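# Observations on the three-dimensional arrangement
Okay, here's what each chain looks like letter by letter:
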Amino acid sequence: MRQTLKQNKYFLIPYAFLFCAACFVIALTDKIQLHQYFNSLLRPSLNVFFEYVTYLGDGVFVVSAGILVLILNIRKGLTVLLAYGLSAGFTQGIKYAFFADIDRPELTFEKLHLPHLNLVEGVDINIHNSFPSGHATAAFALFFCLSFLSESIGRKVFYFLIAITVAFSRVYLSQHFFEDITAGSFIAVCFSSLVCWFFYFSKIAQKFDKLDKPVYSMF
């Protein structure tokens, strides 16, 4: 596991700092007040950006990206798809099994008779199953793996920034609370680290060397 952490340190080190900071903020701040603060940041110039960047955390996009990577390199594609499958499966499992009664921001504010949230026009707002964030999980699973598989430091940092941006878009759009995206990202990082270790540094990793080739080379 140490090799995995070392290879992806330019993603993991800034993530560790932000995760600790996020946990500190969550522990010391009421989630309603925190969401009201983030909701006050909405600007017309940012609305369109976050409305579309959030799709990078959609399951269809992540699976499509994984299949594209698979076509180019089977081992890398399997890494992306398995990391997403395990982390998303875990997130959805605990979301519906243990946290099904946690509502999303709009319904929570309505139940508490609080002022209506600022919402981005044209975005369909979900109201149930808030914790953890599936989009944050998906985005971090995808971009963690892409960062791990990249040799470029610049790309590693770029993938980290994309993951953070996609996760924050869920709060910006009032689809989730801040704690939801924090938990979703953590789940993804944990499962993705294990998957990357399995395919590249485990005792049987060498058996996957033969999969370092594009799909078309098999025909």
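Remember, it's a predicted structure, so these values are computed and weren't measured experimentally.

Our next topic: a nonpolar patch on the surface. Taken together, the side chains of V63, I67, L68, I71 and L72 make up a nonpolar region of the molecular surface, amounting to roughly 430 Å² of accessible area. Tracing the chain through its elements places I71 in helix α5 (residues 59–72). Given a relative accessible area of 40%, I71 falls into the partly exposed group.

The next point concerns the nonpolar core. Judged by nonpolar contacts, the single largest core of 48 residues is most densely connected at F11, F140, L142, F143 and V189. The set of elements that each furnish at least two residues to this core consists of α2 (9–28), α3 (31–39), α4 (44–53), α5, α6 (74–97), α8 (134–149), α9 (153–172) and α10 (178–200). The greatest single-element share of this core, amounting to 12 residues, is contributed by α8. If sequence neighbours within four positions are ignored, F143 has contacts with F11, L56, Y159, I162 and A163.

Another aspect to go through is unusual backbone geometry. The peptide bond linking F131 to P132 adopts the cis configuration, its omega dihedral lying at -10°. Positive phi values are uncommon outside glycine, yet H113 reaches one of about 55°. Mapped onto the elements of the fold, H113 is located in the loop between α7 (105–111) and α8. A positive phi angle, near 55°, is found at N129, a position not held by glycine. Position of N129 among the secondary structure elements: in the loop between α7 and α8.

Turning our attention to the packing of aromatic side chains. A full pass over the atoms with the stated rule returns 23 aromatic pairs. Here the aromatic rings of F90 and F191 are separated by 5.3 Å at their centres, their planes lie at 45°, and the arrangement is tilted. Of this pair, F90 sits in helix α6 while F191 sits in helix α10, and the two are 101 residues apart along the sequence. On the basis of relative accessibility, which here comes to 38%, the residue F90 falls in the partly exposed class. Residue class for F191 comes out partly exposed when judged on its relative accessible area of 22%. Through successive ring pairs, a cluster of aromatic residues spans F11, Y15, F19, F140, F144, F160 and F186.

Cut-offs used in this document
- Residues numbered from 1 in each chain as written.
- Predicted model: local features only at pLDDT ≥ 70, side-chain atom pairs only at ≥ 80, totals over all residues.
- Heavy atoms only, no water.
- Patch = residues over 30% accessible without salt bridge, like charges linked within 9 Å, V, L, I, M, F, W, Y side chains within 5 Å.
- Areas by Shrake-Rupley, 256 points an atom, 1.4 Å probe, with all protein chains shown as cover.
- Salt bridge = Lys/Arg side-chain N within 4 Å of Asp/Glu carboxyl O.
- Helix = DSSP H or I, 4+ residues; strand = E, 2+ residues; numbered from the N terminus.
- Buried < 20%, exposed > 50% of the residue type's maximum accessible area, 1.4 Å probe, protein only.
- Core = buried A, V, L, I, M, F, W, Y, C linked by side-chain atoms within 4.5 Å.
- Contact = heavy atoms within 4.5 Å.
- Phe/Tyr/Trp six-rings, centres within 6.5 Å; stacked < 30°, edge-to-face > 60°.

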